[in-house]
Amino acid sequence: MRVLVAVDGSEASEAELRTVRERAWPPGTTIRVLSVAPDPVIIPEMGAVADVGQTRETLLRDADGTVKQSVAALHGVSATVEPAVRSGDPRWTIVDEAANWGADLIVVGSHGRTRLARLLLGSVAEYVARHAPCSVEIARERQRQSTA
Ligand code: AMP
């Protein structure tokens, strides 16, 4: 089984990684941990929006760091884990990666790093769920039950 896990270093990614780590994957499963460095040109010229003013190199370095941390967080998982760093629009790049690699499942977090970026760029999770060539699992931190 091929599982593509898209991470952006947000808290939702932590929930995502926990979900992936705790599951018993079928023998022979490969988990590809993907982080996409957003293309600087697709970000509108608003200083408050994530990543504006950062160079392609900085963004790639961030994505590389996120992938390395995520791979380390999956230590002990019952699968082969491999890193992948790409650049471009995260939405299209995740879907393209899944198609080109032949993923059976994509795992994304329910939300990412900044609300503002999501407002401007749209929801990565929603786009991937709509356009993926395979099943998509959206990982979410368990909501606490209200006792009231
Ligand atoms: P969002 O829709 O931006 O709130 O992000 C939802 C989820 O999409 C995140 O928890 C990640 O799983 C994934 N995601 C968002 N941005 C990226 C990125 N640059 N690289 C990889 N995955 C991403």
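Worth saying up front: this structure is predicted, and the values here are computed from it rather than measured. All chains use their own residue numbering, which begins from 1 and follows the written sequence. Confidence filtering applies because this is a predicted model: local features only for residues at pLDDT of at least 70, side-chain atom pairs given and counted only at 80 or more, and all residues used for totals across whole chains, interfaces and linings. The side-chain numbers reported here are obtained from all heavy atoms of the structure, hydrogens and water having been left aside.

## Points about the site of the ligand
Part 1 of the argument: Taken together, 18 residues surround the ligand, and among them Ala 6, Val 36, Gly 109, Gly 112 and Val 124 come closest.
Part 2 of the argument: As used in this structure description, the phrase polar contact means that two N or O atoms lie within 3.5 Å; if the pair is within protein, one of them must be able to donate a hydrogen and the other to accept it, and residues adjacent in sequence are counted only when both atoms belong to side chains. The backbone of Ala 6 places a nitrogen or oxygen atom 2.7 Å from an oxygen atom of the ligand.
Part 3 of the argument: Computed with the Shrake-Rupley method and a 1.4 Å probe, the accessible areas treat only the protein chains shown as cover for residues. Burial of the ligand by the protein amounts to 93% of the accessible area it has alone, namely 480 Å².
Part 4 of the argument: Only DSSP runs of H or I with at least four residues qualify as helices, and only runs of E with at least two residues qualify as strands; both kinds are numbered from the N terminus onward. Sorting the residues of the shell around the ligand by element identifies helix H1 (11–22), strand S2 (30–38), helix H3 (90–101), strand S4 (105–109) and helix H5 (124–131) as the ones contributing at least two each. We call a residue near a molecule or strand whenever a single non-hydrogen atom of that residue lies within 4 Å of it.

## Remarks on the environment of Ile 31
Part 1 of the argument: Summarising the element assignment, Ile 31 is placed in strand S2.
Part 2 of the argument: The sequence separation of Ile 31 and Thr 80 amounts to 49 residues, and the corresponding C-alpha distance is 6.0 Å.
Part 3 of the argument: Should any heavy atoms of two residues lie within 4.5 Å, those residues are counted as being in contact. Setting aside residues no more than four positions away along its own chain, Ile 31 makes contact with Val 3, Val 5, Val 20, Trp 25, Leu 74, Val 77, Ala 79, Thr 80, Val 81 and Glu 82.

## Things to note about the side chain of Thr 29
Part 1 of the argument: Position of Thr 29 relative to the elements: it lies in the loop between H1 and S2.
Part 2 of the argument: Here the term buried applies to any residue with accessible area under 20% of the maximum for its type, exposed to any over 50%, and partly exposed to those in between, with areas from a 1.4 Å probe on protein chains only. The exposure class assigned to Thr 29 is buried, which follows from its relative accessible area of 1%.
Part 3 of the argument: Of note is the side chain of Thr 29, whose polar atom sits 2.6 Å from the backbone oxygen of Pro 26.
Part 4 of the argument: For Thr 29, the residues in contact, after removing those within four places along its chain, are Met 1, Val 3, Ala 79 and Thr 80.

## Some details on the environment of Val 67
Part 1 of the argument: Tracing the backbone through its elements, the reader meets Val 67 in helix H2 (residues 56–73).
Part 2 of the argument: Leave out the neighbours within four places in its chain, and Val 67 touches Val 33, Leu 34, Ser 35, Pro 83, Ala 84 and Val 85.

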